[in-house]
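Tertiary structure, described
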Amino acid sequence: MQDAGVIGVPASVSGKAAQVATLHRKIDWTGAFWVASGVPALVLFSVGAVAATVGRPSWVVWMVSIAFGFIQAFTYAEIAGLFPHKSGGASVYGAIAWVRYGKFIAPISVWCNWLAWSPVLAIGSGLAAGYVLNACFAPEAAINTWHLTLLDLGGVKPGLFLRIDATFVIGAILLLTVFAIQHGGILRSARVTLILGVASLVPLGLIAIIPILTGDMTRAHFFPIVPLSHDASARVIDGQWNAAGITLMAGGLFIAAWSTYAFETSVCYTREFKDPHRDTFKAIFYSGLLCIAIFTLVPLAFQGHLGLGELVAPAVLDGAGKVLTPAVYDGMLSPSIYSGMGVGSVMARMVGGGVLVEKIIVVMLILAVVLAIMTAMAGSSRTLYQASVDGWLPRYLSHVNAHGAPTRAMWTDLCFNLITLMLSDYVFVLAASNVGYVLFNFLNLNAGWIHRMDRPQWERPFRAPTWILAAGTVLAFVNLTLMGLGADVYGAGTLKVGLGFACLIVPVFLFRHYIQDKGVFPRTMSEDLELTDDQVLVKRAGVLPYLALAAGACVVWLSHSLAVY
């Protein structure tokens, strides 16, 4: 029997090991650790955006955010252990919890996870290309200024457009290179990321430690801990902890989460672990410890060295006092820091040593970004692959090559990101995709207690303490609050665009489930759903999941209505 309103699957199944595809069990937790070691490099993506958004409290934002991420990781470690036969990460494991309570809830989790991770490829390759251009050419050089505009997207966000320029060309070459490496399977990817990880963590470690050892940490760069604001002439001044200040702080925590929570990708490779029962928890735990160190020390050193900055050019106002051209600052408020393009050269100068050392550090930072791209392609492609195997996304994504690499999912990732790479504003892309990431985290943190209630007897290689599981659930709603308050800090309509992208899964799922599969889930899902001919699907959590969804929607609406920009 079956609950026809929720799911439908054939009864027969050969067991949990049954899989349509053939990912290979070739790595242990250290391999996943090195594949996920690209996550610390994500600090290069948004350290400038956070600093330029909140001002002096920036260092506090990073500490709080990585603490949130570490607490949440214990929930993901538990639910990953329930499904050692699956790849694709926490969103796949969480989707199985939600599918009992609605067909259309579960695929949102998988889709939003991919939607958040995939743009790392475009943003990372764009930043790496920017580092290359900044290191080799003057800002006013023709190669840095030419571009061909393909499409004006000003209706979505002022100043946003699709273009082809030198950044796109170099970024596309980097993406194709990473694709070629990962075409050889997870073992080759792990070996390459080990080399890149060592090469890239060295500069990040130096950046974190040298300013502290040399005393290049001016107190005035950290205190007073108040958000920035602007006076009547649009000059930056110390703000207050009022509604506007809290909104900015929420915006900083919102955008930082895209980086600091991301080490959950280390459980994307459960299906490829030699011993998933032992390796799953170790992979996410030690990846988390590494991220705590990097996401705490690097922003601290960055801010201590740079400070907010000084006024370079005042704002241009019209007769009514409206800002026509924003003021230009150096330091953390510099436009190149906000976009991320100037972060590499600044961090290179932080270690000192002259021009040659600076060039070497820039090269190593480029490798760090390439490592982040490899981490994202490995994780996001496996999310697409497993979502296809489980019946959420089109069948063609289930294909793997002879090396066990999900090549069609990788091609889909690549094509999507070649288009994203053409966008002129990477911070907007990051913020919009992070809306999906917060939704994914909300669904999966709640999946922890849903699995506890619906699968109480299932083996759990790691069982999170109940209080940590509860703390993760609380953080699920905290994250929604930060999103509602802070998403539109990065452009009016950012929240709506992000929610719109999240809804794109609906027609995709309708096509797969009702056209390709005739309303029936693949056979490999039946044991995960605990459904056979003589069983009725029991939903032990009752109405609680629906209440959680309703409460989450209310939190987003209320927090967004309270935001002051």
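1. Points about the overall build of the protein chain
Scanning the protein chain from N- to C-terminus turns up 20 helices and eight strands. With 565 residues in all, the protein chain has 59% of them scored as buried. With an accessible surface of roughly 20,500 Å², the protein chain has 69% of that area assigned to carbon and sulfur atoms.

2. A short note on the nonpolar core
Membership of the largest hydrophobic core comes to 165 residues, with the highest contact counts inside it found for Leu44, Phe45, Phe302, Met347, Trp392 and Met483. Element by element, the count of residues in this core is highest for helix H16 (residues 426-454), at 18 residues. Dropping the residues within four chain positions of it, Met347 is found in contact with Leu44, Val47, Ile207, Val298, Phe302 and Leu365.

3. Quick notes on a nonpolar patch on the surface
A contiguous nonpolar surface patch, about 500 Å² in accessible area, is contributed by Phe104, Val506, Leu510, Phe511, Tyr514 and Ile515. Along the polypeptide, Phe104 turns up in the loop between helix H4 (90-98) and helix H5 (106-117). Classification of Phe104 by relative accessible area gives partly exposed; the value is 37%.

4. Comments concerning the confidence of the model for the protein chain
Overall, the predicted model of the protein chain reaches an average pLDDT of 82, with 88% of residues at or above 70. Below pLDDT 50 for its whole length, residues 1-21 participates in 62 contacts with residues either more than four positions away or in separate chains.

5. Looking at unusual backbone geometry
Here the amide bond leading from Phe223 into Pro224 is cis, since omega sits at 0°, within 30 degrees of zero. On the secondary structure map, Pro224 appears in the loop between helix H9 (186-214) and strand E3 (228-230). The phi torsion at Lys518 lies on the positive side, around 55°, for a residue other than glycine. Tracing the backbone shows Lys518 in the loop between helix H19 (505-516) and helix H20 (544-562).

6. Examining helix H14 (residues 354-389)
In this model H14 runs 53 Å from its N-terminal to its C-terminal C-alpha over 36 residues, within 8% of the 52 Å that 1.5 Å per residue would give. For H14, the tally of buried residues reaches 27 of 36 residues, placing the bulk of the element in the interior. A positive phi of about 95° marks Gly391, the residue just after H14.

7. So, the environment of Gly102
Structurally, the position occupied by Gly102 is in the loop between H4 and H5. Overall, the relative accessible area of 14% leaves Gly102 in the buried class. It is 9.5 Å that separates the C-alpha atoms of Gly102 and Tyr546, two residues lying 444 residues apart in sequence.

8. Quick word on the side chain of Thr167
Mapped onto the fold, Thr167 is located in helix H8 (residues 166-182). Residues in contact with Thr167, not counting those within four places in the same chain, are Gly126, Ala129, Leu133, Met341 and Tyr426.

9. A few points about the pattern of salt bridges
This structure, assessed with the given rule, holds seven salt bridges. For Asp454, the salt bridge identified is with Arg100, shortest N-O distance 3.9 Å. A residue pair is termed long-range when its members are at least 10 positions apart, and Asp454 in helix H16 and Arg100 in the loop between H4 and H5 qualify at 354 residues. Pair check on accessibility: Asp454 and Arg100 agree, each one buried. Across the pair Asp165 and Arg163 runs a salt bridge whose closest N-O atoms are separated by 3.5 Å. What makes Arg163 buried here is its relative accessible area of 7%. Salt bridges sharing common partners tie together Glu78, Arg452 and Arg460.

10. Description of the packing of aromatic side chains
Evaluated as defined, the whole model comprises 18 aromatic pairs. When the ring of Trp62 is compared with that of Phe295, the centres are 5.8 Å apart and the planes differ by 5°; the resulting orientation is stacked. With Trp62 in helix H3 (residues 58-81) and Phe295 in helix H11 (residues 276-306), this pair connects stretches of sequence that are 233 residues apart. Ring geometry for Phe70 against Phe74: centres 5.3 Å apart, planes inclined by 85°, an arrangement best described as edge-to-face. Pair noted here: Phe70 and Phe74 are both in helix H3, with a separation of four residues, about one helical turn. Of the two residues, Phe70 and Phe74, neither departs from the other in class, the shared state being buried.

11. Looking at helix H6 (residues 119-136)
With 18 residues, H6 should cover 26 Å at 1.5 Å per step; its first-to-last C-alpha distance of 26 Å lies within 8% of that length. Judged by how many residues are buried, H6 sits mostly within the fold: 14 of 18 residues are covered.

12. Points about the environment of Trp392
With respect to the helices, strands and loops of the structure, Trp392 is situated in the loop between H14 and helix H15 (407-420). Put simply, Trp392 and Ala95 are 297 residues apart on the chain and 9.6 Å apart in space, counted from C-alpha to C-alpha.

Calculation notes
- Residues numbered from 1 in each chain as written.
- Predicted model: local features only at pLDDT ≥ 70, side-chain atom pairs only at ≥ 80, totals over all residues.
- Heavy atoms only, no water.
- Helix = DSSP H or I, 4+ residues; strand = E, 2+ residues; numbered from the N terminus.
- Buried < 20%, exposed > 50% of the residue type's maximum accessible area, 1.4 Å probe, protein only.
- Areas by Shrake-Rupley, 256 points an atom, 1.4 Å probe, with all protein chains shown as cover.
- Core = buried A, V, L, I, M, F, W, Y, C linked by side-chain atoms within 4.5 Å.
- Contact = heavy atoms within 4.5 Å.
- Patch = residues over 30% accessible without salt bridge, like charges linked within 9 Å, V, L, I, M, F, W, Y side chains within 5 Å.
- Salt bridge = Lys/Arg side-chain N within 4 Å of Asp/Glu carboxyl O.
- pLDDT = per-residue confidence, 0-100.
- Expected span 1.5 Å × (residues − 1).
- Phe/Tyr/Trp six-rings, centres within 6.5 Å; stacked < 30°, edge-to-face > 60°.

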